[in-house]
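# A structural walkthrough
Take a look at the letters that make up each chain.
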Amino acid sequence: MKKEYIRPFLWGGALGAMVVGRVARIQPAKLVQGLARAIQLSVAPVFLLTGVSALIGVLTNRLSRVMDRADHLGAGSQQSESPEARSRSTADTFDFLRRRSRLLMRAIQCATVTGVLVAAVVAVMFVSAVAALDLAAIVVPLFVVAMLALMLALLLLLRETQIATAQLRRRF
């Protein structure tokens, strides 16, 4: 008499089938539950991606305004009557604009890195849930680095805003 072995088949952390000998008895409802769980775990960080994309939009709009101001200043400085007065105030303003644009570009880079890392977290979490693997050793460092990049992007935005307001105070 031959022994039959019963082995569970896990998919997405849910029991999806029973393997008896060489025959599998599939339980579709359990497979759907596993997939639903995988999607639930993966979707939570997607809301963070929405916020990061909004931040990138704010940063690019600010950078665009800095570039427009530099273009306007460059065109206006050529029409000024006094070259000595024009050169000193224009040089100071261009320095402010250059510093602001550098800070904004770094902030955009950090926010973009945040978005990429959060997307990687979503992908790894989905794979982890579907394959019933414990990939916390990958998810945790990715998420921590993503949060550090987000904090740096926000601090750079804060510094750029301080420079912009200081420039405004000097003008009036």
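Each chain carries its own residue numbering, running from 1 in the written order of its sequence. Under the rules for a predicted model, residues below a pLDDT of 70 receive no local features and side-chain atom pairs below 80 are neither given nor counted, while totals for whole chains, interfaces and linings still include all residues. Only hydrogens and water are removed before side-chain values are computed, so all heavy atoms of the structure are retained for them.

### Regarding helix α4 (residues 136-171)
Helix and strand assignments come from DSSP, with helices taken as H or I runs of at least 4 residues and strands as E runs of at least 2, each series counted from the N terminus. Expected span, for any helix, means 1.5 Å times one less than how many residues it has. Taking 1.5 Å as the rise per residue, α4 with 36 residues should run 52 Å; its terminal C-alpha atoms sit 52 Å apart, in good agreement. By the burial criterion, the buried members of α4 are Val139, Ala146, Ala149, Leu150, Ala153, Leu156, Leu157, Glu160, Ile163, Ala164 and Gln167. Note on exposure labels: buried denotes an accessible area under 20% of the residue type's maximum, exposed denotes more than 50%, and partly exposed covers the range between, all computed with a 1.4 Å probe on protein chains only.

### With respect to the confidence of the model for the chain
Summarising the model, the chain shows a mean pLDDT of 81, and 73% of its residues fall at 70 or more. The score called pLDDT rates the predictor's confidence residue by residue, from a low of 0 to a high of 100. Here strand β1 (residues 6-11) stands out as the element of the chain with the lowest mean pLDDT, 48, in contrast to α4, whose mean of 93 is the highest. Confidence drops under a pLDDT of 50 for residues 5-9, and excluding neighbours within four residues, the segment shows 18 contacts in the predicted structure. Contact criterion: two residues are considered in contact whenever any of their non-hydrogen atoms come within 4.5 Å of each other. In this model, residues 11-15 is a region of pLDDT below 50 whose contacts with residues beyond four sequence positions or in other chains number 19 contacts.

### What about the side chain of glutamine 167?
With respect to the secondary-structure elements, glutamine 167 resides in helix α4. Each residue touching glutamine 167, except ones within four places of it in the same chain, is listed here: Thr93, Phe96, Leu97 and Arg100.

### Quick word on the nonpolar core
We define the nonpolar core as a collection of buried residues of types Ala, Val, Leu, Ile, Met, Phe, Trp, Tyr and Cys that are connected through side-chain atoms lying within 4.5 Å of one another. Counting 20 residues, the largest nonpolar core has Leu55, Leu59 and Leu104 as its most contacted members. Sorting the residues of this core by element identifies α2 (46-77), α3 (83-131) and α4 as the ones contributing at least two each. Core analysis: the next-biggest nonpolar cluster, separate from the first, contains five residues, Val121, Met125, Leu135 and Val139 among them.

### Description of the pattern of salt bridges
Salt bridge, as applied in this entry: a Lys or Arg side-chain nitrogen positioned within 4 Å of an Asp or Glu carboxyl oxygen. By the definition in use, this model includes three salt bridges. For glutamate 160, the salt bridge is made with arginine 62, and the minimal N-O distance between the two is 2.7 Å. Taken together, the positions of glutamate 160 in helix α4 and arginine 62 in helix α2 put the pair 98 residues apart, joining distant regions of the chain. Its salt-bridge partner being glutamate 160, residue arginine 100 comes within 2.6 Å of it at the nearest N-O pair. With arginine 100 in helix α3 and glutamate 160 in helix α4, this residue pair connects regions lying 60 residues apart in the sequence. Among the residues examined, arginine 100 registers a relative accessible area of 12% and is labelled buried. Since its relative accessible area comes to 0%, glutamate 160 is described here as buried.

### Thoughts on a positive patch on the surface
Among the surface-exposed residues, Arg99, Arg102, Arg106 and Arg159 lie close enough to one another that they form a single positively charged patch. Looking at which element gives the most residues to the positive patch, the answer is α3, with three residues. On the secondary structure map, arginine 102 appears in helix α3. Residue arginine 102 is classed as partly exposed on the basis of its relative accessible area, which comes to 43%. Put simply, a patch holds well-exposed residues, over 30% relative accessible area, that have no salt bridge, with like charges counted together within 9 Å and Val, Leu, Ile, Met, Phe, Trp or Tyr side chains within 5 Å. Accessible areas in this description were obtained via Shrake-Rupley with a 1.4 Å probe; residue shielding takes into account the shown protein chains only. We count Lys and Arg on the positive side and Asp and Glu on the negative side, and we leave His and both chain ends out. Note on charges: their place is set at NZ of Lys, CZ of Arg, CG of Asp or CD of Glu.

### Observations regarding the side chain of serine 128
Counting through the fold element by element, serine 128 comes out in helix α3. Residues contacting serine 128, with those up to four places away along its chain left out, are Leu133, Asp134 and Leu135.

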